[in-house]
Amino acid sequence: MNFQIYGFSNLFFFFFTIFSFLTITSCALQETRPAKHSPASNSPAQINSNSVLVALLDSHYTELSELVEKALLLQTLEGAVSKHNITIFAPKNEALERDLDPEFKRFLLEPRNLKSLQNLLLFHMIPTRIESKHWPMEVNNPIHHTSLCRDAYDEKIQVIEKNGEKLVGEARIIKADDIIRPDGIIHGIERLLIPKSVQQDFNTRRSLRSISAVLPEGAPEVDPRTHRLKKPAPSVPAGAPPVLPIFDAMAPGPSLAPAPAPGPGGPHHHFDGESQVKDFIQTLLHYGGYNEMADILVNLTSLASEMGRLISEGYVLTVLAPNDEAMAKLTTDQLSEPGAPEQIMYYHLIPEYQTEESMYNSVRRFGKVRYDTLRLPHKVVAEEADGSVKFGQGEGSAYLFDPDIYTDGRISVQGIDGVLIPPEEIKPAPKAAPVAKVVSKQRRGKLLEVACTMLGAFGQDSHLSSCY
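As a starting point, this report considers the structure included with it. None of the values given here were measured: they were computed from a predicted structure.

The helix and strand tally for the protein stands at 17 helices and 16 strands. Counting all 468 residues of the protein, 36% fall into the buried class. The contacts in the protein between residues at least 6 apart in sequence include a share of 68% that link residues at least 24 apart. Just so you have it, the protein exposes about 29,800 Å², and 55% of that area is on carbon and sulfur atoms.

Written as structure tokens, this is what we have:
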């Protein structure tokens, strides 16, 4: 019995020893084995508060820092700062705001051109630290640096000092060593550096019709107003503003004749107006609170088609969109007349590109501003009220409620809290003709004649014979 117990205990001790040995060995292997990379390990190192990137975002280069955030470059720059000591050539605010071509700025801010904006900003940064004391002074042997823009290909940034001025490409350094940090340095420059790839993308967008194939033309159109063939508009370069005013380009109203069917293509359609109109209607639906306005635009296909055609021909529009609460206040009488919804919508379309900022600045400066609408000859009066923009007067007024719901450089949608009704042409009531109080003048001959007649009745004809 003791032998069995002793043998069992030895067996138990043997297995316990083996299990402990395996456990210790596995732990040692896990400690010596290299750790697997977690997703967080691939992320760039954390940037401290003394980084040049933080200094850029908090600096007086506000326009550049805003563009960096809009271009979604923060994570990319964090990775670059963690690997390199970088140099940033920061354009002054005026170079990105006042001195920049408005059309080029709209191109950069369009969501579909995000890559071009990123390439433009990364072209101003190089993965090398260059301080002013190390600026190359050899005019004949300038130094060329590769930027952080990968799409710049062989295009490099030339750094040189010429005639006592430090130059980066064609831009002059106006604030050398403006911001110095351990991981980078910022120099202020007077103008923007534009890589050739971004310039090429911009030119391609402007000339969407630059193809050698002959585009088919539509059938000749007859002007329903004059019953004559419409004269072709003079040729304009691609992307140039249209020659004709927008009112001449509009299709005639339903009272005259239906809009002529457009041809399959034409030389003046430089923009995809139909897609842009669909985009802003979709934006109204996603934004919320403007379903009635979107429903009217969808059901009134002629209005949406005409807006798309005008945008395609180069015109711009600002839409004053009433919200659902305002649309619910419309009465049946206001919508029952033929063409009434179209006329109401035309009064909310301004043939200009206006944003909340531009309209507010206008009313602040000029007091009252009258904007043309597509419903001739009525205009919309705008003025400042309660720190906002107020449209119309009296009971038919509305305030700018949701600014810049949609802005793409061609169509601007501004939400308002009321439906604008143009002032009716009140015909003054015809004035009643004044009742003239006729006061008969006493005529001497008539009175004498009556007097003589009366006296003759009494037999006094002899005395009044001289009266006849």
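Still to come is the rest of the account.
Another aspect to go through is the environment of Val-277. Mapped onto the elements of the fold, Val-277 is located in helix H10 (residues 273–287). Residues Val-277 and Leu-297 lie 20 residues apart in sequence; the distance between their C-alpha atoms is 9.5 Å. Contacts of Val-277, omitting those with residues within four sequence positions, involve Ala-304, Met-307, Gly-308 and Ile-411.

We now examine the packing of aromatic side chains. Tallied over the entire structure, the rule returns 5 aromatic pairs. Plain terms: the ring middles of Phe-104 and Phe-107 are 6.1 Å apart, the flat faces sit at 25° to each other, and that makes the pair stacked. Of this pair, Phe-104 and Phe-107 both sit in helix H6 (residues 102–109), 3 residues apart, which is roughly one turn of that helix. The exposure classification of Phe-104 matches that of Phe-107, with both residues buried. Put simply, the rings of Phe-104, Phe-107 and Phe-202 pair up and form one aromatic cluster.

In this sheet, strand E5 (residues 165–168) lies alongside strand E4 (residues 157–162) in antiparallel orientation, the contact comprising 4 bridges. Paired with Lys-162 across the strands is Glu-165, a residue of E5. Pairing between E5 and strand E6 (residues 171–181): 2 bridges, direction antiparallel. Bridge pairing links Leu-167 to Arg-172 in E6. With antiparallel pairing between neighbouring strands as the criterion, E5 and E6 make up a hairpin whose turn holds 2 residues, including Gly-169 at a positive phi of roughly 65°.

To continue, consider helix H4 (residues 74–83). The α-helix winds at 3.6 residues per turn, so residues separated by three or four positions along the chain end up facing the same way. Buried within H4 we find Leu-77, Gly-79, Ala-80 and Val-81. Buried positions along H4 lie against helix H2 (52–57), helix H3 (62–70), strand E1 (86–91), helix H7 (114–122) and strand E2 (125–126).

Turning to unusual backbone geometry, a few remarks are in order. Leave glycine aside and you will find that most residues have negative phi; peptide bonds, for their part, are mostly trans. Of the consecutive residues Leu-376 and Pro-377, the connecting peptide bond is found in the cis state with omega at -5°. Position of Pro-377 relative to the elements: it lies in the loop between strand E12 (368–372) and strand E13 (379–385). Its identity is not glycine, yet Asp-386 carries a phi of approximately 55°, on the positive side. Within the secondary structure, Asp-386 sits in the loop between E13 and strand E14 (388–391). Of note in this structure, Asp-404 is not a glycine but carries a positive phi near 50°. Considering the arrangement of structural elements, one finds Asp-404 in strand E15 (residues 398–407).

Let's shift gears to the pairing of E4. Taken together, the 3 bridges between strand E3 (residues 143–145) and E4 define a ladder with antiparallel strand orientation. Bridge assignment links His-145 to a residue of E4, and that residue is Ile-157. Where E4 folds back onto E5 in an antiparallel hairpin, the turn is made up of 2 residues, including Asn-163, whose phi is positive at roughly 55°.

Time to look at the sheet that holds E1. Strand order in the open sheet made by the 7 strands is E2-E1-E7-E6-E5-E4-E3, with mixed pairing throughout. If you trace the sheet from one side to the other, it starts and ends with E2 and E3, each paired once. Where E1 lies against E2, 2 bridges are found, and the strand directions are antiparallel. Counted as the bridge partner of Thr-87 is Ile-126 from E2.

Think of it this way: side chains of opposite charge can pair up when their charged atoms draw near. With the rule as written, the count across this model stands at 11 salt bridges. Across the salt bridge formed by Arg-112 and Glu-110, the nearest N and O atoms sit 3.1 Å from each other. The exposure class assigned to Arg-112 is exposed, which follows from its relative accessible area of 59%. Bridged by salt links that share partners, the residues Arg-129, Glu-131 and Lys-133 form one connected network.

Reading the values: rules and limits
Residues numbered from 1 in each chain as written. Predicted model: local features only at pLDDT ≥ 70, side-chain atom pairs only at ≥ 80, totals over all residues. Heavy atoms only, no water. Helix = DSSP H or I, 4+ residues; strand = E, 2+ residues; numbered from the N terminus. Buried < 20%, exposed > 50% of the residue type's maximum accessible area, 1.4 Å probe, protein only. Contact = heavy atoms within 4.5 Å. Areas by Shrake-Rupley, 256 points an atom, 1.4 Å probe, with all protein chains shown as cover. Phe/Tyr/Trp six-rings, centres within 6.5 Å; stacked < 30°, edge-to-face > 60°. Pairing = 2+ DSSP bridges. Salt bridge = Lys/Arg side-chain N within 4 Å of Asp/Glu carboxyl O.

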